[in-house]
Amino acid sequence: MTPRPRAIVWSVARHSLLLAGAAFILLPFVWMISTASKPQTEIFTKSIHFIPHSFALWDNFATAFGKANLWRFLLNGVVVTVSIFVLQVLIALPAAYALAKLRFAGREVLFALVLFCILIPPQATAIPVFLLFHQFGILDSYAALIVPFTISAFGIFLMRQFFKTVPDDLIEAARMDGISEFGIVWRVMLPTAIPALTAFGIFSVVAHWNDYFWPLIVLNSEHLRTPPLGVASFRNEEAGTNYGPLMAAAIVIIAPLVVAFLLAQRRFIEGITLTGIK
Amino acid sequence: MVAPAFTLMCLLLLGPLLGVIALSFTDYQLGSPQFSWIGLANYQDMFGDRVFWLSLRNTLTYVAIVVPAAVALGLAVALLIESGGSFRAWYRTIYFLPVMATLIAMSIVWEFMLHPQFGLINGLLHGIGFEGFSWLQDRRTALYALCVIGVWQALGFNMVLFLAGLVSIPRQLYDAAEIDGAHGAWARFRLVTWPMLGPTTVFVVVITGIRSFQVFDTVHVLTKGGPSKSSEVLIHTMYVEGFEFFRSGYGAALTVVFLVFVLLLTLVKSALANRGVHYV
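What counts, and where the lines are drawn
Residues numbered from 1 in each chain as written. Chains lettered and ligands numbered in written order. Predicted model: local features only at pLDDT ≥ 70, side-chain atom pairs only at ≥ 80, totals over all residues. Helix = DSSP H or I, 4+ residues; strand = E, 2+ residues; numbered from the N terminus. Rg over C-alpha atoms; globule rule 2.2 N^0.38 Å. Buried ≥ 20, exposed ≤ 12 C-beta atoms within 10 Å, placed from the backbone. Contact = placed C-beta atoms within 7 Å. Nonpolar A, V, L, I, M, F, W, Y, C, P; charged D, E, K, R; others polar. Domains from an automatic or database assignment. Axes fitted to C-alpha atoms, helices over the stretch in contact; angles between N-to-C directions. Parallel < 35°, antiparallel > 145°, perpendicular 65-115°, else oblique. Core = buried A, V, L, I, M, F, W, Y, C linked by C-beta atoms within 7 Å. Expected span 1.5 Å × (residues − 1). Bend = angle between axes of the 7 residues up to and from the residue. pLDDT = per-residue confidence, 0-100.

**Q** What's the story with the overall build of chain A in this structure? I'm lost.
**A** Each helix and strand counted, chain A has 15 helices and 0 strands in total. Since a compact globule built from 278 residues should have a radius of gyration of about 19 Å, the 24 Å found for chain A marks it as more spread out than a globular shape. Taken along the three principal axes of its C-alpha coordinates, chain A extends 75 × 70 × 35 Å. The buried share of chain A, reckoned over its 278 residues, is 41%. Here the analysis covers contacts within chain A between residues at least 6 apart in sequence; of these, 76% occur between residues at least 24 apart.

Below, the structure written as structure tokens:
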């Protein structure tokens, strides 16, 4: 059976439009890789070519790693994002369990507060939290990067919604076995919540790996810089002259998340669009 | 069980939120030993300051460009992807890529693409016989260049939200519309898809709006609000006042203005959600 001509025309139109859009979306990525592969002389020319005449990607990577402490920035990114996520889980899970399954005075008020806190944009609290940290003398430290995000109202809300669906029988049985309430959180509830927790983990790690505003405010020291701050300061030091290594550094900074995304697309899209289910 | 979470919530979210409002009525500066309550003086300063009005106007312009463009394009891409069977996952992945990629790193790539002499964009324009621009160094174009980057980044996120909304529309509705005489793609869209997507659209508009009000990264790295304040935006002004000049009280007043806009958007969302936008 041959498809009708109209269907073919529509299919061609669909792909042409989507490909045109995809070209716009991919252009910066392609140009980044192309520039990172070119020697200096090919970058500062008016003729446009995407494929470099002589391939200088490894030289540019070497220069980037030599001039900027990229390994350190990546390590800082891992330390900060992992610490934030672990602390978020440690603090949010018991609260989510209590809000979902325990009866206590003020539960409804507390849940209303959680819902309210979700709406507070991070920029709104920046000045007071900065002053607080200044008072405690913990600016310019890992603690300053991590502590403000240890409380995730959204994480509490998300896990509470999930725990609501866990049958009460499961919890009753655990209590019969003499497991403490905290034991129930970690040994009964946590294992059932792995899918929701994975999605939240991706959401949290992506948000804080890419965050620029808060690290910019609290950091001075070079050795504490997170990936976005690291690449931004590399750019400022190079003052727009050394684009090959700069693009190579940009590749290094975005690579961990982009590679992880390409390997587990469905999970990442679920995680990032979590805010969409509110 | 809830004690740690409750304590941190008060200390890091609710307290600072009240704190920022209180601070906006003081003349506190970081490092100064004392401060005094000065009532609305910060707000009076702000409303008398040309930079504040420029900043507010630029922010609103940014929002007014990025929100419609990123929502309409996100919807268009989602509809196009859904309308056929082939290469769905490929397109979805490509369009979602900018959401994942660190915006600061990609801003630096955009900066090079917009380079007046050696940039790709001007190179392409020359190729088809146009004069290029000094995009980020020209007060006529700087804000619009930032808008393009904003749309580039937000489009894929909106697309995914619309795709989720499209999947949840029951197929029978299309069949029913067909029986009632709705032939052709436009009729199906107007009678079924668009009304059924109502709640998704409201949500996407509001979340894109809130994110656009928060625009900071691209501004700080690429233009610092310049040239001559032509791309100055609210959060960047707040950053400069609060964290470069350490005028905490004045920065707090700017934060309150920002909060009012975010609150307005949230109210619009809940008002529309309660009216049941489903079958407008």
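Further notes follow.
**Q** Explanation requested: the interface of chain A and chain B in the structure shown.
**A** A common measure of how large an interface is: the accessible area buried when the components associate. Opposite the 71 residues of chain A that make contact, chain B presents 67 residues. The element that contributes the greatest number of residues to the side of chain A that touches chain B is helix α1 (residues 5–36) of chain A, accounting for 13 residues. In the side of chain A that touches chain B, the residues fall into 55 nonpolar, 12 polar and 4 charged.

**Q** Hey, could you run me through the domain arrangement of chain A in this one?
**A** All names here are of chain A. Domains assigned within chain A are domain 1 (5–65) and domain 2 (66–277). Averaged C-alpha coordinates put domain 1 and domain 2 at centres separated by 33 Å. With 15 residues of domain 1 at the contact, the number on the domain 2 side is 13 residues. Looking at side-chain class alone, the side of domain 1 that touches domain 2 contains 10 nonpolar, 4 polar and 1 charged residues.

**Q** Help me out: how do you make sense of the packing of helix α11 (residues 194–210) of chain A against helix α15 (residues 265–272) of chain A in this one?
**A** Two packed helices can be described by the angle between their axes and the distance between those axes. Residues and elements named next belong to chain A. It is the contact of α11 with α15, at a shortest axis distance of 7 Å, that shows an interaxial angle of 75 degrees. Between α11 and α15, the angle falls in the class roughly perpendicular. Of the residues in α15, those touching α11 at T198, A199, I202, F203 and V206 are R267, F268, E270, G271 and I272. Here the residues of the contact of α11 with α15 sort into 6 nonpolar, 2 polar and 2 charged.

**Q** What's the story with unusual backbone geometry in this structure? I'm lost.
**A** What is expected of a backbone is that most residues other than glycine have negative phi and most peptide bonds are trans. Residues and elements named next belong to chain B. One non-glycine residue, F87, lies in the positive phi region at around 60 degrees. Relative to the helices and strands, F87 is located in the loop between α3 (50–82) and α4 (88–100). A positive phi angle, near 65 degrees, is found at K229, a position not held by glycine. Since 17 C-beta atoms lie within 10 Å of it, K229 is described here as partly exposed.

**Q** Got a minute to help me understand the nonpolar core in this structure?
**A** Soluble globular proteins: nonpolar side chains tend toward being buried together. Counting residues in hydrophobic clusters, the biggest one holds 159 residues, and the most contacted among them are A96(A), A249(A), A250(A), A105(B) and V109(B). The element best represented in this core is helix α7 (residues 142–167) of chain B, accounting for 16 residues. Each of two domains, domain 1 (5–65) and domain 2 (66–277) of chain A, supplies a minimum of three residues to this core. Beyond its immediate stretch of four places on either side in the chain, A96(A) contacts I156(A), M159(A), R160(A) and F163(A).

**Q** In this structure, what is going on with helix α14 (residues 243–263) of chain A? I would like to understand it.
**A** An α-helix turns once every 3.6 residues. As a result, residues three or four positions apart point the same way. Look at α14(A): 29 Å from first C-alpha to last across 21 residues, which is about the 30 Å you get at 1.5 Å a residue. Along α14(A), the helix axis deviates most sharply at A255(A), where the bend reaches about 50 degrees; the proline P256(A) sits within four residues downstream.

**Q** Quick question: what am I supposed to make of the confidence of the model for chain A here?
**A** Where the model shows low pLDDT, its predicted coordinates should not be examined in detail. Of all residues in chain A, 97% have pLDDT values of 70 or greater, and the mean over the chain is 88. Confidence scores differ between elements of chain A, with α15(A) showing the lowest mean pLDDT of 80 and helix α12 (residues 213–218) of chain A the highest of 95.

**Q** Would you explain the environment of H134(A) in this entry?
**A** Mapped onto the elements, H134(A) comes out in helix α6 (residues 126–136). Taking the number of C-beta atoms within 10 Å as the measure of exposure, H134(A) has 16 and is therefore partly exposed. The spatial distance from the C-alpha of H134(A) to the C-alpha of V218(A) is 9.2 Å, given a sequence separation of 84 residues. The residues contacting H134(A), other than those within four sequence positions of it, are L139(A) and L30(B).

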